[in-house]
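Read off the chains here:
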Amino acid sequence: MNILVTIASFSFVTLLGRAIYNILLKRFLFSEIISDIKIQYFYPLISLFFIGNLIIFINFFYPIKYFVIPLIALSLSFIVYDIFKNKFEEYFNLENLISFIFTPGFLGISTYGVWMGWDTGLYHVPHQLIIRDSSIIFGLTNLNIWFGWSSIIEYISSILWIENNFIMLRVLEIIFFFFLFNLIFYFYFQKENKFYKNISLGIILFAFLDNFGYMGGGNGFVPILSVGKYDAALGILFFVLSIMIINAFIKEEFENSTLLFLMIFSLFAVQIKQTGAYLIFLLVPYIYKFILKNKISILKILKLNLLPLVVSVMWLIKNVITTSCLFFPARFTCLSFLPWTEEVQLNYVEETMIYSPISLNSKLSIGEQFNIWFNFSKNSQFFINFPISLLMI
């Protein structure tokens, strides 16, 4: 039954993403191929991006539990309208049979015997409950400091509760793995782009080597985590966007559609987890080259990216309301004059959560500090297996 639910869920978000693209985005993203990747592979993520941000907007004013059925009805209406308005025959082929049936069916096995992560009960599920039962709360982090690291995934998850069953939270996570595996399949069998072909071979080998090595393996390949965790989702999206930007540089693809697409999904990466902001190190050079290539002003760049800019402003307002910071817990982004600001929380984070594993100011020697870090969690496995896997590739 779980496998059927997984296949149906993936088909639903894919068809919804297709509908959103055809109805809303196509007028801005003129090309159906971005950086040599068919945009259809991003349909599931398009639906998650739009539904997630719609929920965030609604939650400014209302609890989300009253909008679960209307959101489902709106999504179904989009899908039905798109099916009748646009051709659908293109989906009945071997490639889509693998994408829609085989991949989600295979990964759906991971929904059996899964457990909740330690932090799922600490702040992920409680935050989802608050989103369901209340409109946005000023100073939310004063209730639980961990709410400061809220993700768009929490908002999407808030409409996926089926009474006391959280299977849909697991399905939401592995949607990103459907996306990754389908892309690898596409990269491997396409013949036009050698860069993507080599990447697919590298990923397949790297994933295989993850099963062998020191302490039984573990080289850092993206894992399917426990229910409620979204680190893997960011890792997958970050990786795909990185190779797309690199490929755009190689092919000198500096089109309006490409820039807008990259900005939308880079924003989505940041909304999933703030460390997605590291994409800026690839985006800034790309935007700089884009400006030189097209001889375009910064103002026109802003107009072109109006959608991600508006969504970014909404996201930052949400952050300020709930945490008093643009990016919690970066102190320089916090607005200390707001009445719900709590300095004690920022001090606690800086003293207990933000630190280097090796410090010259520590009473322990560098060797002792390294030994503590090395033996913590799976650090020793990654430290040894990761470079060996890279050398073998």
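Use the structure listed above.
Residues numbered from 1 in each chain as written. Predicted model: local features only at pLDDT ≥ 70, side-chain atom pairs only at ≥ 80, totals over all residues. Heavy atoms only, no water.

J.: How should the environment of I131 be read in this particular structure?
T.: Looking at the element boundaries, I131 is found in helix α5 (residues 118–133). Along the primary structure I131 and P63 are separated by 68 residues, whereas in three dimensions their C-alpha atoms are 6.1 Å apart. Among all residues touching I131, those that are not within four sequence positions of it are N59, P63, I64, E154, Y155 and S158. (Helix = DSSP H or I, 4+ residues; strand = E, 2+ residues; numbered from the N terminus. Contact = heavy atoms within 4.5 Å.)

J.: It is not clear to me how the packing of aromatic side chains should be interpreted in this structure. Could you clarify?
T.: The geometry of an aromatic ring pair is captured by the separation of the ring centres together with the interplanar angle, meaning the angle of the planes. Applying the stated rule across the entire model yields 37 aromatic pairs. Through successive ring pairs, a cluster of aromatic residues spans Y41, Y186, F187, F195 and Y196. K197 extends its terminal NZ or CZ atom over the ring of Y188, reaching a point 4.3 Å from the ring centre. It is K318 that lies over the ring of W315; its NZ or CZ is 3.7 Å from the centre. (Phe/Tyr/Trp six-rings, centres within 6.5 Å; stacked < 30°, edge-to-face > 60°. Lys NZ or Arg CZ within 6 Å of the ring centre and 35° of its normal.)

J.: Teacher, can you tell me more about the pattern of salt bridges here?
T.: Oppositely charged side chains can pair when the atoms bearing their charge come close. Here the structure, examined in full by the defined rule, presents seven salt bridges. The partner of E173 in a salt bridge is R170, with the nearest N and O atoms 2.7 Å apart. Residue E173 and its partner R170 are located together in helix α7 (residues 167–189), separated by three residues, close to a single helical turn. Classification of E173 as buried rests on a relative accessible area of 5%. In this structure, the salt-bridge partner of K293 is E252, at a minimum N-O distance of 3.7 Å. (Salt bridge = Lys/Arg side-chain N within 4 Å of Asp/Glu carboxyl O. Buried < 20%, exposed > 50% of the residue type's maximum accessible area, 1.4 Å probe, protein only.)

J.: Explain the nonpolar core to me, please; I cannot follow it from the model alone.
T.: When a protein is soluble and globular, its nonpolar side chains tend to lie buried together. One finds F42, F265, F268 and I272 to be the most contacted residues of the largest nonpolar core, which totals 97 residues. Looking at which element gives the most residues to this core, the answer is α7, with 16 residues. Residues in contact with I272, not counting those within four places in the same chain, are S151, I152, I153, F176, Y230, A233, L234 and L237. Core analysis: the next-biggest nonpolar cluster, separate from the first, contains six residues, C325, F328, C334 and L346 among them. (Core = buried A, V, L, I, M, F, W, Y, C linked by side-chain atoms within 4.5 Å.)

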